[in-house]
Amino acid sequence: MLQVQSTIYLLLICVAVSQASFEDLRCKCVCPRVTDKNSTKPNQAIYISDNFDPSLCTCDNVVRPQNPQELCPRCECKYESRNTSTIKVVVIFIICVVSLLFVYMLFLLCLDPLIAHRPTRYIEHADEEVNLDDPTSSHMAHVNPSLARQRSIINRVTNEQKKWKGTVQEQRRNIYDRHAMLN
Amino acid sequence: MAQFTMETDALLVDYNYMENHDPKTRQATDDVGNSTRLNNGGATSYHESVISATSGSDDEAMLDIAMDGRDDQGLNDDHVQGSTNFLETQDDLPVSSGQYEDFHTIDWLRDIARDRMRHRHIIKNKQDGCIPKIKSAHDAWSGWVCVLLVGVSAGVCAGIIDIGTTWMSDLKQGICLEAFWLNREQCCWSGNATTFDDEGGCSQWYTWSKLFGVSSSKGGSYIIGYLLYIVWALIFGAIAALFVRVFAPYACGSGIPEIKTILSGFIIRGYLGKWTLLVKSVGMMLAVAAGLSLGKEGPFVHVACCCGNIFSYLFPKYGRNEAKKREILSAASAAGVSVAFGAPIGGVLFSLEEVSYYFPLKTLWRSFFCALMAAFVLRSINPFGNDHLVMFYIDYNEPWYIQELIPFIFLGALGGIYGWFFIKFNIKWCKYRKTSSLGKYPIIEVLIVVFVTALLSFPNSYTRMNGSELIRLLVQRCGPEDSTELCDYSRNMTNDHPYMGSAIASDGVIRAVWKLALALLFKSLITIFTFGIKVPCGLFIPSMAVGAILGRVMGIGVEQLVMAYPNSPLFSNMCQSRQICTVTPGLYAMVGAAAALGGVTRMTVSLVVIMFELTGGLQYIVPMMAAAMTSKWVGDALGREGIYDAHIALNGYPYLDSKEEFTHQTIAADVMRPRCWRYGLEVRNDPPLCVITQDSMTVDEIEGILKTTEHNGFPVVVSRESQYLVGFVLRRDLNLAIANALKNQEGIVSNSPVYFASHNTHNPHGPLGLKLRKILDLAPITITDHTPMETVVEMFRKLGLRQTLVTHNGRLLGIITKKDVLRHIAQLQNQDPENILFN
């Protein structure tokens, strides 16, 4: 129930939010706070504008004070740029890498032990089928070059993976069991 | 396909590489053997062999051509004697395969000699035409290309990690709904409608409580924020710890102690591999995002070194020679610090002062180039959107006054005391973890630390933000744009420049000081337990944060003192007219950060240069130097070693520190194995020295020795009675040579005699002899038994020896290995010598 509610909220917010722009350029002016006569709290000091023209990045254009002669000499305006598309690409890349690693880790932790335990029986079964079946299996047995290549690639990959697992096992033994390194 | 025409009699095939299970490669080995044998049978004085080798991957790497160390004289000599009916095939064995086993020390002299031979060979071939000329040119510039690639990749890695870390850290508190890839600061970067709320958020930034629609009640939103903060922290921490455990256990820790050990000439296979790079980069982001009190700056060195190692394999000159590879790694570690602090020169000095062991001038140039490239690439990525390479930097230019040196020096002393305190208790805790059952639950430990950190750090706004942000806040000057409580001064707004100079603190500053004091206590304690848990963790940022808090608090104190007595003669030059006094608490924070970092790591020059590059001017170099020097002096007075050396000692890595002096009056005979000679029968159950005679042993006997012992090399003597030294042969070479001869060479049986001598006393009736002179190192470093250990230690340090032989009146007496030297030093320092684990 709560979940549904929160999803609705989420949707609502998504719809409700106006399309605010995330520009790559800005003009930022920092001025001393001017205290109004009435309020005790000083008001805004930072003025940001989406001006794309660096020449327009001045206090007069951005802050638009009532008395420019007084305020503007004390303001500092800076034209700044950033690259949101780089950030976007990098963050999406990171999410992909982390989720891939996570899925692979789940595979190694959960499925792999199951697969590793099964093969003895599984292979026996397959052998029997080969003996029983007639033409299709013999066809399969005949060397299909592309299939053989595929198999050799798979073999190589499994070999590599086995080797890698061995080294990780060894590293784990060094660090977690024997505490010989990286304490 | 690689094709080499050779005019020397030394044809060296890298058997180690050949051992890899490629059947094609095996075929190639056999071909090599055959062609050589044929040619050797002929009466030509120089063998000409054409080797064609086909290998799957890198042909260049397959054949490692080198020449034997002998000069022409020796070659002719050999030929004259060898032109009997004797088979010389085994003359053509590798001098050294250049490969070492895991956890072995490298022999610098041997590796550098191998490189020189390779170089000589290329120079010699240069005249032969166009292709060798191109090859020689490629060889000449490969070092620069390699460091260029390393620099670029280190910069890219750092950029990705920087962006990812800030994004993930902010994910704990909220999300930028319209552009989820932006962190809070970037989310509120643009837009004229931007208004900031209390926590620096804006309308586009949704905190979790706001997203779940509980922003109305203040208490509810706090609780939701708190809970989600802890949950996210636990998720990030758990993923980081699991990744490290499942994919690359070597990715945990800071990595600098291990890099130091590796650069001093030690092999840790897989420590600088691809998986370590990937998991360390990802783990760093996750660990920092989990809010742990650790930084990503230290591990950048490890990441850059991984890049260095991976790229060095593109260039066989570096990839296949461990001593040369370390030149690239030195440059890479400079690039690591360069991207961590945006300080290329500081990086080079860090590499020189702290990490590197062998640092020729050539490497200095390359390190500088590498560090600059890395900084340039990172600058182009602009990860923080502030045109700087780091989050925290100083962009103001306030003056400082001579009296302020007193608080700066005091800060330095406090930094030194903090460093000593941190090292002492961190090492104690790590020792406890190593020996007790706590070490059996690494992931649970990480989760507990994450939970405690998150639980305690959320209530305090200064610990809630991550370390870099905290430092940025603390080193900043209070300007008009700051509305935080740290900048809550009662300023006279009617002045022309109300933000110039100091002011009297209001309540906000007092509150901030209290919070900072609590943050200081919390950070300094939790870092002790955090550094060393099994996730990637560096300690530059936490120590700097502690120092910065200390500095800021002290800065505020001095500021208020000066403001309270502006007319006192002590402060008269600090205050200009109309009571405008200039004390910048932000500068104190920076000085404090330098002091604490100096106290923990005991860096000096590199630290000051890093700080000077962070502050962007020479103006503050004197305060930094004063603090860094005091911190080092105080730290050294309290405890001898820095955190990295302490961790090296804790782990028992075979690191021969070149900074420490050896002052004991022992001599070589006290250290060498076997030790029976000096003390007679008293000291002894040491087995006698295991030697090989030059011409009276059979293949069987040698195989027996190889089976029963575990030494990495054997001295070769004229005979057991005389014990006159001939040379030194490595176990690995011996193994390969014998196995190869038994397999490929006809007539070699188990009772064939083995000859290391240049003259052949061949018995025509017996079985064919096996000639192994090629694998014999005829110029091993020897010392006499009365050589003082000071000299021996210097030789080991400066020449990078792996072992030296001890002689007496020209007779072989014993052997000293690097491990023996390390054990001896440990013993003299009243440490447990058995702590040094590796070979």
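Residues numbered from 1 in each chain as written. Chains lettered and ligands numbered in written order. Predicted model: local features only at pLDDT ≥ 70, side-chain atom pairs only at ≥ 80, totals over all residues. Heavy atoms only, no water.

- In the annotation of an unreviewed UniProt entry, the entry for chain B reads Chloride channel protein, and the organism field reads Patella caerulea.
- Among the UniProt annotations of chain B, the heading Sequence similarities (unreviewed entry) holds the following wording: "Belongs to the chloride channel (TC 2.A.49) family." (UniProt positions renumbered as here; feature names shortened; annotations may be inferred.)

- If you check an unreviewed UniProt entry, chain A appears there as Transmembrane protein 9 from Patella caerulea.
- Entered under Sequence similarities (unreviewed entry) in the UniProt record, the comment concerning chain A runs "Belongs to the TMEM9 family."
- Listed under Subcellular location (unreviewed entry) in UniProt, the entry text for chain A is "Membrane".

## Quick look at the sheet that holds strand β2 (residues 46-49) of chain A
Residue and element names in this part refer to chain A.
Point 1. Here we have three strands laid out as an open sheet, ordered β2-β1-β3, and antiparallel in their pairing. Every interior strand has two partners, whereas the edge strands, β2 and β3 (76-81), have only one. Each strand of the sheet is rotated relative to its neighbour by a mean of 20 degrees, with strand direction disregarded.
Point 2. As paired strands, strand β1 (residues 25-30) and β3 are joined by six bridges and run antiparallel to one another. (Pairing = 2+ DSSP bridges. Helix = DSSP H or I, 4+ residues; strand = E, 2+ residues; numbered from the N terminus. Axes fitted to C-alpha atoms, helices over the stretch in contact; angles between N-to-C directions.)

## Notes on the side chain of Glu354 of chain B
All names here are of chain B.
Point 1. Secondary-structure assignment places Glu354 in helix α15 (residues 344-355).
Point 2. For Glu354, the side chain forms a polar contact with the side chain of Lys260, separated by 3.5 Å.
Point 3. Apart from residues lying up to four places away in sequence, Glu354 is in contact with Lys260, Leu349, Thr601, Met603, Tyr644 and Lys659. (Polar contact = N/O pair within 3.5 Å; in protein donor to acceptor, adjacent residues only side chain to side chain. Contact = heavy atoms within 4.5 Å.)

## Side note on the state of the cysteines
Residues and elements named next belong to chain B.
Point 1. Evaluation of the coordinates by the stated rule reveals two disulfides over all chains.
Point 2. The partner cysteine of Cys176 in its disulfide is Cys187, sulfur to sulfur 2.1 Å. On the sign convention where negative is left-handed, the bridge of Cys176 and Cys187, at about 75 degrees about the S-S bond, is right-handed. Taken together, the residues Cys176 in strand β3 (residues 174-176) and Cys187 in helix α7 (residues 184-187) connect sequence positions 11 residues apart.
Point 3. Here Cys478 is linked by a disulfide to Cys487, with a sulfur-sulfur distance of 2.0 Å. Because the torsion about its S-S bond is -85 degrees, the bridge between Cys478 and Cys487 counts as left-handed. Cys487 matches Cys478 in its accessibility class, with the two residues each being buried.
Point 4. The thiol of Cys306 is unpaired, and the distance to the nearest cysteine sulfur, on Cys307, comes to 7.0 Å. (Disulfide = S-S within 2.5 Å. Buried < 20%, exposed > 50% of the residue type's maximum accessible area, 1.4 Å probe, protein only.)

## Regarding the packing of aromatic side chains
Point 1. Applying the stated criterion across every chain, the model contains 29 aromatic pairs over all chains.
Point 2. Consider the rings of Tyr104 of chain A and Phe107 of chain A, whose centres lie 6.2 Å apart with planes at 15 degrees: the pair is stacked. Residue Tyr104 of chain A and its partner Phe107 of chain A are located together in helix α4 (residues 84-117), separated by three residues, close to a single helical turn.
Point 3. Of the residues examined, Phe107 of chain A reaches a relative accessible area of 28% and is grouped as partly exposed.
Point 4. A ring pair is formed by Trp429 of chain B and Tyr432 of chain B, whose centres lie 5.4 Å apart and whose planes are at 35 degrees; its orientation type is tilted. Pair noted here: Trp429 of chain B and Tyr432 of chain B are both in helix α17 (residues 405-435), with a separation of three residues, about one helical turn.
Point 5. Three or more aromatic residues joined by ring pairs make a cluster, and in this case those are Tyr104, Phe107 and Trp164 of chain A together with Phe243, Phe247 and Trp275 of chain B.
Point 6. Residue placement shows Arg245 of chain B over the ring face of Tyr176 of chain A; its charged tip is 4.6 Å from the ring centre.
Point 7. Residue placement shows Lys818 of chain B over the ring face of Tyr357 of chain B; its charged tip is 6.0 Å from the ring centre. (Phe/Tyr/Trp six-rings, centres within 6.5 Å; stacked < 30°, edge-to-face > 60°. Lys NZ or Arg CZ within 6 Å of the ring centre and 35° of its normal.)

## What about the packing of α17 of chain B against helix α25 (residues 621-638) of chain B?
Residue and element names in this part refer to chain B.
Point 1. Direction vectors running N to C along α17 and α25 enclose 35 degrees, while the axes themselves pass 7 Å from each other. α17 and α25 meet at a crossing whose hand is right-handed. Across the interface between the two elements, Leu405, Phe408, Ile409, Gly412, Ala413, Gly415, Gly416, Ile417 and Trp420 from α17 touch Val622, Pro623, Ala626, Ala627, Thr630, Ser631, Val634, Gly635 and Leu638 from α25.
Point 2. In terms of residue class, the contact of α17 with α25 is made up of 12 nonpolar, six polar and no charged. (Left-handed = near helix turned anticlockwise from the far one by under 90°. Nonpolar A, V, L, I, M, F, W, Y, C, P; charged D, E, K, R; others polar.)

## A word on the environment of His119 of chain B
Point 1. Relative to the helices and strands, His119 of chain B resides in helix α5 (residues 108-125).
Point 2. By relative accessible area, His119 of chain B is classed as partly exposed at 37%.

## Comments concerning the interface of chain B and chain A
Point 1. Between chain B and chain A, the residue contacts involve 71 residues of the former and 58 residues of the latter.
Point 2. A buried area of about 5900 Å², summed over both sides, lies between chain B and chain A, and 70% of it is on carbon and sulfur atoms.
Point 3. Counting the surface chain B buries against chain A, the share from its top three residues, Trp181, Trp189 and Phe247 of chain B, is 13%.
Point 4. Inspection of the region where chain B meets chain A yields zero salt bridges.
Point 5. Inspection of the chain B/chain A interface yields eight residue pairs in polar contact (both at pLDDT 80 or more). (Buried area = accessible area lost by both parts, 1.4 Å probe. Salt bridge = Lys/Arg side-chain N within 4 Å of Asp/Glu carboxyl O.)

## What about the pattern of salt bridges?
Point 1. As enumerated under the stated definition, the model contains 29 salt bridges over all chains in all.
Point 2. With a shortest N-O distance of 2.7 Å, Arg26 of chain A and Glu80 of chain A are connected by a salt bridge. Residue Arg26 of chain A is found in strand β1, and its partner Glu80 of chain A is found in strand β3; the two are separated by 54 residues along the sequence. Side by side, Arg26 of chain A and Glu80 of chain A carry an identical accessibility label, which is buried.
Point 3. For Arg433 of chain B, the salt bridge goes to Glu445 of chain B, with nearest N and O atoms at 2.9 Å. Here Arg433 of chain B, found in helix α17, pairs with Glu445 of chain B, found in helix α18 (residues 442-457); they are 12 residues apart in sequence, far enough to count as distant.

## Description of unusual backbone geometry
Residue and element names in this part refer to chain B.
Point 1. Notably, Phe103 is not glycine yet its phi reads approximately 60 degrees, a positive angle.
Point 2. Backbone geometry at Arg602 places phi at a positive 60 degrees, although glycine is not the residue there.
Point 3. Within the secondary structure layout, Arg602 lies in the loop between α23 (585-601) and α24 (605-615).
Point 4. Judged by relative accessible area, which is 6%, Arg602 ranks as buried.

## Some remarks on the confidence of the model for chain A
Residues and elements named next belong to chain A.
Point 1. When pLDDT is averaged along chain A, the result is 71, and 61% of the positions lie at 70 or above.
Point 2. Across chain A, α4 holds the top mean pLDDT of 89, while helix α1 (residues 2-16) sits lowest at 45.
Point 3. A low-confidence stretch, residues 37-42 (pLDDT under 50), is modelled with four contacts involving residues beyond four sequence positions or located in other chains.
Point 4. Considering only residues more than four positions removed or in separate chains, one finds that residues 121-141, a stretch of pLDDT under 50, has one contact. (pLDDT = per-residue confidence, 0-100.)

## Let's talk about α23 of chain B
All names here are of chain B.
Point 1. For α23, with 17 residues, the first-to-last C-alpha span of 24 Å sits near the 24 Å given by 1.5 Å per residue.
Point 2. Among the 17 residues of α23, 17 are classified as buried, and the element is accordingly described as predominantly covered.
Point 3. Two residues or fewer past α23, Arg602 is found with a positive phi of approximately 60 degrees. (Expected span 1.5 Å × (residues − 1).)

## Remarks on the sheet that holds strand β8 (residues 697-698) of chain B
Residue and element names in this part refer to chain B.
Point 1. Taking strand neighbours across the sheet as the criterion, the three strands line up as β8-β11-β12 in an open arrangement whose pairing is mixed. The two strands at the open ends of the sheet, each matched to only one other strand, are β8 and β12 (770-771).
Point 2. Sheet analysis places strand β11 (residues 753-755) next to β12, joined by two bridges and oriented parallel. Paired with Tyr755 across the strands is Lys771, a residue of β12.

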